[in-house]
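Take a look at the letters that make up each chain.
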Amino acid sequence: MNSGTNSTRRVLLASLVGTSVEFYDFYIYATATSLVFGPLFFPASSPQAQLLAAYASFSLAFIARPVGGVIFGHFGDRIGRKSTLVASLLLMGLSTAAIAFLPGYATIGWWAPLLLCLLRLGQGIGLGGEWSGAALLAVENAPPGWRGRFGSVPQLGAPIGFIAANGFFLILGNWLTPEQFAAWGWRIPFLASVTLVALGLWVRLKLTETPAFAHALEEAPPPAVPLGEVLRSHFVLTAAGTLGVVACFATYYIATAFALGFGTTEIGYPRQQFLGAQLIAILFMAVGIAIAGWASDRVKPGTVLLWGCGMTIVAGLLLAPLLGSGVMPRAFAFLCIALLAMGFVYGPVSAWLTGLFPARVRYTATSIAFNLGGIIGGGLTPAIALKLAEKGGLQMVGLYLVAAAALSAAGILFAARIDRRAIL
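Residues numbered from 1 in each chain as written. Predicted model: local features only at pLDDT ≥ 70, side-chain atom pairs only at ≥ 80, totals over all residues. Heavy atoms only, no water.

This structure, assessed with the given rule, holds 7 salt bridges. As a salt-bridge pair, aspartate 77 and arginine 81 come within 3.1 Å of each other at their nearest N and O atoms. Just as aspartate 77 is buried, arginine 81 falls in that class too. The residue arginine 149 makes a salt bridge to aspartate 297 at a minimum N-O spacing of 2.8 Å. Separated by 148 residues along the polypeptide, arginine 149 in helix α6 (residues 147-155) and aspartate 297 in helix α14 (residues 271-298) bring together distant segments of the chain. (Salt bridge = Lys/Arg side-chain N within 4 Å of Asp/Glu carboxyl O. Buried < 20%, exposed > 50% of the residue type's maximum accessible area, 1.4 Å probe, protein only. Helix = DSSP H or I, 4+ residues; strand = E, 2+ residues; numbered from the N terminus.)

Let us now look at empty space enclosed by the protein. A probe as big as a water molecule, rolled over the atoms, marks out the empty space that is left. As enumerated under the stated definition, the model contains 1 cavity of 30 Å³ or more in all. There is about 30 Å³ of room inside the largest cavity. For the largest cavity, the full set of lining residues is Asp77, Phe213, Ala216, Leu217, Ala220, Pro222, Ala359 and Arg360. In terms of residue count, the dominant contributor to the lining of the largest cavity is helix α10 (residues 211-219) (3 residues). Looking at the lining of the largest cavity, its residues break down into 6 nonpolar, no polar and 2 charged. (1 Å grid on protein atoms, 1.4 Å probe; cavity = no way out; pocket = protein on both sides within 12 Å on 5 of 7 lines; lining within 4 Å. Points joined across faces, edges and corners; volume = space filled by probe spheres on them. Nonpolar A, V, L, I, M, F, W, Y, C, P; charged D, E, K, R; others polar.)

Turning our attention to a nonpolar patch on the surface. A grouping of Leu231, Phe235, Val236, Phe414 and Ile418 is seen on the molecular surface, where their side chains present a nonpolar patch of about 460 Å² in accessible area. Looking at the nonpolar patch, the elements that each hand over two or more residues are α12 (235-244) and α20 (394-418). Residue position: valine 236 is located in helix α12. Looking at valine 236, the relative accessible area reads 41%, which means it is partly exposed. (Patch = residues over 30% accessible without salt bridge, like charges linked within 9 Å, V, L, I, M, F, W, Y side chains within 5 Å. Areas by Shrake-Rupley, 256 points an atom, 1.4 Å probe, with all protein chains shown as cover.)

This is the structure we're talking about:
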C-alpha cells in the first residue's frame with residue numbers, strides 16, 4: 001500500500017510512535033504518582049491523604065482530554081490529520097518534560113501542586129487529540145480487509161509505552177537508593193520523553209493526508225463547526241462509543257496504577273518485584289491486542305470487544321483472591337489475566353470507533369467518545385478503587401471492574417442496534 005508519499009511502514013510507525021509517547025507520558029506520571037508525588041508535591045497529613053491528592057492530580061488529564069479532543073478534533077476535521085497530530089504531540093511532550101523541572105512542596109509551597117496540575121492539564125489537552133489522530137492515520141490508510149490489524153498498531157503503543165516507562169523506573173530503582181530516587185531520580189524519565197517526541201515529529205512531518213480525509217474534502221467542504229455536526233447528527237452513536245471504551249480504561253488503570261500503589265503500600269509487595277511482574281505481564285496485553293486486531297478482520301471489531309468484556313468480568317472476579325493474597329505468583333497471575341483482557345477490550349477500539357462515524361467529523365466524534373470514556377473508566381479509577389478497597393476490601397474493586405465491563409458491553413450492543421455494521 002502506498003498512499004501519495006505515505007508508505008505502509010511510515011504510516012504505521014507514525015501512529016505507533018505517537019501512542020507510545022502518549023502511554024509513556026501517562027504511565028510515568030501514574031508511576032510517579034503511586035511512588036513519589038504524594039509526599040513530594042502535597043502537604044503532609046497522612047500517607048493515604050497524600051496518595052489520594054496525587055491520584056486527584058492524575059485524574060486532571062482525563063478531565064482535560066475531552067477539551068483537547070474538541071480542539072484538536074475541530075482542526076483535524078477541518079485542516080487535516082497531519083498538522084493536528086504534530087501539534088498534539090508537541091503540547092503533550094513539552095508538558096511532560098517541564099514536570100522534570102518542578103520543585104517540591106517543601107521548596108515553593110502551594111505553587112508546587114498548582115504548577116504540577118497545570119502541566120498535567122497541558123498533558124491532557126495534548127493527549128486529547130493524540131489517540132484519535134493516530135487511530136485515524138492507521139485505519140484511514142488501511143487496505144480493504146486490514147482495518148482491524150492496522151487499527152491495532154497504534155494500540156500497541158500502550159504496552160510499548162508501559163514497558164519503556166516501567167522499565168525505566170525499574171532500572172532507576174536498581175541503580176539508585178530510595179533517597180536518590182525520591183530526590184531527583186524520578187525526574188529522568190520525564191526528561192527522556194523529549195527523545196520520543198523528537199522521533200515522533202520526525203516521522204509525522206514526512207506524512208501526507210489520509211485518503212479518507214482527501215476524499216471527504218472532494219465530496220463536500222469541511223464542516224464549519226465539526227462539534228455541532230456531531231451533536232446534531234451523531235450524538236447517540238457518540239454516547240454508545242463513550243460507553244464502549246470504558247472497560248479498557250478501567251482495566252488498564254486498575255491493573256497498573258492502582259495495583260502498584262495499593263499492592264506496594266497496603267498489601268506489602270516489594271516495589272521492585274511488583275514493577276518487574278507488571279513489566280512481564282504487559283506482554284500479555286500486547287499479545288491480546290495483536291490477536292484481537294487479527295480477529296477483528298475475521299469477524300467484527302464489536303464482536304471481539306464483547307469477548308474482551310467477558311474476559312474483563314472474569315478478571316474482576318479474580319482480583320481479590322489473587323491480588324489480595326499477598327503471594328506474588330498469584331498477584332502476577334491476576335496481572336496477566338487482567339492485561340490479556342485489556343488487549344481484547346482495547347485492540348479493536350480503533351477499527352470499531354472510527355467505523356461508527358463518517359470521515360468528515362470522525363476526528364471530533366472519536367476524540368469525544370474516547371476521551372469521555374477515559375473520564376468515566378480511567379480518570380478517577382485509581383482514587384475510586386483506593387476508596388472502595390478501604391471501605392469494602394478488594395472485592396469491591398473487583399466488582400467495580402465487572403461494572404465497567406458491563407457498561408462497555410451495553411454501549412457496544414447499543415451501537416449495534418443503531419448500526420448493524422458496528423458489530424454483526
